[in-house]
Amino acid sequence: MTEASVVPDDFCAEPISLQSPEQKIFDGKPFPLILRPLIESGPKSNEAATAWVREKREVIESLLLNHGAVLFRGFPVNSPEDFDSFVKSFSYEALPYVGGAAPRRVVTGNVFTANEAPPDQLIPFHHEMAQVPTFPSVLFFYCDNPPAEGGQTPLVISTEVYKAMRARDGMFVDALEEKGVVYNRVLPDGDDEKSPIGRGWQSTYQTTSREEAESKCKEQGTKIEWLPNGCLRTQTKVLPAVRVDARTDKKTWFNSIIAAYLGWSDVRNDRKLAVTFPDGTPMPEESMQTLNEVFEELAIDFRWEKGDVVMIDNRQVLHGRRSFTPPRRILAALCK
């Protein structure tokens, strides 16, 4: 392991290595960092694991900043309730899932299902909720039931995407940095479980009141239009596609461009119009092909094991979902 992976002698957990493509090295650091508890001194119960997090939180957060994602493997997290306790032990404030596109259900506490899009559909790479002004700083995913086949949650370091796109398609990157983007989506009247973006406006804005939904859209700077069939057409305010992470002073590919362009498609939505420049110009198809290639080249695909918890720095890392053969149950928690 590299210097960035060194942990204190009393950390009670150790870094481990997996073979590529489940783990890669960027800037001399493994991605993601994978930790397992030490046999003798590591936590043996969920109560001990939560106490360990509270004691070692600063070290864990430093590792997260250095590596972008930390996979906790072999820790005593055996149920959704255990996962909820594990996340809460970091003392982060939960972020309500307001404005997100994915259909989700609350499971327990601050835990809900990950995107419940049909298993034969992949979910392209994105920073969580990059299409709305308020997004989580940290994400947690938990494997309650590993998939029979496929179903990985691929991860990509955002700064690496920016560097690759700057080298391969500089004019496109210039346009994004100068103009920003807007996201366009028609929300159904009620959840549509057959769609990967089928979250109805009621679930999206956590209300059954049109007036309250309109108020929340106004707070976000989102333009809306009620359609005759009860659906809600939305267009975000202009949002940056590239952001500078103030902690590292590095430019990140902080957006949901490829997710919208490839994945925001159903009976109500045309994926090629899901994300545009502010004047309505679509994303260039060749640039989208290049971007998709970059993601696949840089991605890591670790295989889920029962009890795995992955902690993701949402400002540094994009994620997605591979198609899979059921069953698969991955749960999530979002934190401010």
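What comes next concerns the included structure. Remember, predicted model here, so these are calculated numbers, not experimental data.

Right, let's talk about the environment of cysteine 231 for a bit. Mapped onto the fold, cysteine 231 is located in the loop between strand E13 (223-226) and strand E14 (232-235). The sequence separation of cysteine 231 and arginine 268 amounts to 37 residues, and the corresponding C-alpha distance is 9.0 Å. The contacts of cysteine 231, once residues within four sequence positions are left out, are Val186, Leu187, Pro188, Asp189, Glu225, Trp226 and Arg268.

Another aspect to go through is the sheet that holds strand E11 (residues 155-157). With antiparallel pairing, three strands are arranged side by side in an open sheet as E8-E19-E11. Only two strands of the sheet have a single neighbouring strand rather than two, namely strand E8 (123-126) and E11. Here the average twist between neighbouring strands, direction ignored, is 15°. As paired strands, E8 and strand E19 (residues 317-321) are joined by two bridges and run antiparallel to one another. Bridge pairing in E19 places isoleucine 123 opposite arginine 321. Here helix H3 (residues 158-168) sits on the sheet and contacts E11 and E19; the angle it forms with E11, its principal contact strand, is near 65°. Running over the sheet, helix H8 (residues 285-298) touches E8, E11 and E19 and is turned about 105° from E11.

A few words now on the pairing of E19. Consecutive side chains along a regular strand alternate between the two faces of the sheet. Most of E19 is tucked away, with five of its five residues classed as buried. Burial along E19 is two-sided: the residues Val317, His319 and Arg321 and Leu318 and Gly320 are all buried. Here E11 runs beside E19; their pairing, made up of three bridges, is antiparallel. Looking across to E19, one finds that valine 156 is bridged to leucine 318.

Residues Val161, Trp253, Ile257 and Met283 are the most contacted members of the largest nonpolar core, which totals 62 residues. Non-local contacts of valine 161, meaning those with residues more than four positions away in its chain, are made with Val156, Trp253, Leu291, Val294, Phe295, Leu298 and Leu318. The next biggest cluster of nonpolar side chains, apart from the first, holds 30 residues, and it includes Ile60, Val87, Ala333 and Cys335.

Next up on the list: H3. Where H3 is concerned, the buried positions are Ser158, Thr159, Glu160, Val161, Tyr162, Ala164 and Met165. Packing partners of the buried residues in H3 comprise strand E2 (24-26), E11, helix H4 (170-179), strand E16 (250-252), H8 and E19.

What follows covers the packing of aromatic side chains. Per the stated rule, a full pass over the model turns up 17 aromatic pairs. Relative to tryptophan 52, the ring of phenylalanine 11 lies with its centre 5.2 Å away and its plane at 55°, an arrangement referred to as tilted. Of this pair, phenylalanine 11 sits in the segment before strand E1 (13-16) while tryptophan 52 sits in helix H1 (residues 46-67); the two residues are 41 residues apart in sequence, bridging distant segments of the chain. Ring centres 6.2 Å apart and planes at 70° place the aromatic pair phenylalanine 26 and phenylalanine 31 in the edge-to-face group. Feature note: the residues Phe11, Trp52, Phe72, Phe75, Phe86, Phe90, Tyr92 and Phe140 constitute an aromatic cluster, connected by ring pairs. Geometry around phenylalanine 324 places arginine 328 over its ring, the cationic atom sitting 5.2 Å from the centre.

Attention now goes to the environment of threonine 248. Along the chain, threonine 248 falls in the loop between strand E15 (243-245) and E16. Look at threonine 248 and you get partly exposed, because its relative accessible area is 29%. Along the sequence, threonine 248 and asparagine 66 sit 182 residues apart, while their C-alpha atoms lie 9.7 Å from each other.

Analysis parameters
- Residues numbered from 1 in each chain as written.
- Predicted model: local features only at pLDDT ≥ 70, side-chain atom pairs only at ≥ 80, totals over all residues.
- Heavy atoms only, no water.
- Helix = DSSP H or I, 4+ residues; strand = E, 2+ residues; numbered from the N terminus.
- Contact = heavy atoms within 4.5 Å.
- Pairing = 2+ DSSP bridges.
- Axes fitted to C-alpha atoms, helices over the stretch in contact; angles between N-to-C directions.
- Buried < 20%, exposed > 50% of the residue type's maximum accessible area, 1.4 Å probe, protein only.
- Core = buried A, V, L, I, M, F, W, Y, C linked by side-chain atoms within 4.5 Å.
- Phe/Tyr/Trp six-rings, centres within 6.5 Å; stacked < 30°, edge-to-face > 60°.
- Lys NZ or Arg CZ within 6 Å of the ring centre and 35° of its normal.

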